[in-house]
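Observations on the three-dimensional arrangement
The primary structure of each chain is shown beneath.
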Amino acid sequence: MGVDDMDSLKIFGELPIIYGVKSQINNTNNLCFVITENHRKFDKILAIGIDENGDLSGQNYFLLDVSDFTSSNYITFNDNSTLILERKIEPESIEHIIKDFIVKFTQLENYIRGKYSSLLKSL
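Note that the structure is predicted; figures quoted are calculated from it, not measured.

Concerning helix α3 (residues 94-108)
With 15 residues, α3 ought to run about 21 Å at 1.5 Å a step, and its terminal C-alpha atoms sit 21 Å apart, in line with that. Among the residues of α3, those classed as buried are I94, I97, F101, I102, F105 and T106.

Next comes the structure, spelled out in structure tokens:
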């Protein structure tokens, strides 16, 4: 059983995947990420840092804990931050992380869990 377009959009729109643009201030690279309150349903956030010039080859990936974010739902890093080094992940692990997010989301959403139980078994 496949997932229709509407449910795909619902699922992926709810996953905790965020983007931040790297900027340079006083010769220091900075990244800022913002989450929504909805993202707080998850334990982890997949954060993708993109170069300010839009060069996708310079992307960095981070698996952040929701608790890393302030009560205002943002976090900032610079090149000297130890947390950014601790949370950096390799692109090869992204597929597994997204599968885990989908499983977690379906545990939160009864409608999706019931409708796509066979899909969940394949994950």
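So much for the structure itself; the text now carries on.
Notes on the pairing of strand β5 (residues 60-65)
Burial analysis of β5 places five of its six residues in the buried class, which makes it a mostly covered element. Both strand β4 (residues 44-50) and β5 contribute to a ladder of six bridges, which runs antiparallel. Counted as the bridge partner of I45 is L64 from β5.

Topic: helix α1 (residues 5-14)
The α-helix winds at 3.6 residues per turn, so residues separated by three or four positions along the chain end up facing the same way. Turning to α1, its buried residues are D7, I11 and E14. All buried residues of α1 project into a common sector of 75° when viewed along the axis, lining one side. With respect to the buried face of α1, the exposed residues turned more than 90 degrees away are D5, M6, L9 and G13.

Observations regarding the packing of aromatic side chains
Applying the stated rule across the entire model yields four aromatic pairs. Ring centres 6.1 Å apart and planes at 65° place the aromatic pair F33 and F62 in the edge-to-face group. A residue pair is termed long-range when its members are at least 10 positions apart, and F33 in strand β3 (residues 28-34) and F62 in strand β5 qualify at 29 residues. Across this residue pair, the class does not change: F33 and F62 are buried. Here F62 and F77 contribute two aromatic rings whose centre-to-centre distance is 6.3 Å and whose plane-to-plane angle is 25°, an arrangement assigned as stacked. Here F62, found in strand β5, pairs with F77, found in strand β6 (residues 74-78); they are 15 residues apart in sequence, far enough to count as distant.

Criteria and thresholds
Residues numbered from 1 in each chain as written. Predicted model: local features only at pLDDT ≥ 70, side-chain atom pairs only at ≥ 80, totals over all residues. Heavy atoms only, no water. Helix = DSSP H or I, 4+ residues; strand = E, 2+ residues; numbered from the N terminus. Expected span 1.5 Å × (residues − 1). Buried < 20%, exposed > 50% of the residue type's maximum accessible area, 1.4 Å probe, protein only. Pairing = 2+ DSSP bridges. Arc of directions from axis to C-beta. Phe/Tyr/Trp six-rings, centres within 6.5 Å; stacked < 30°, edge-to-face > 60°.

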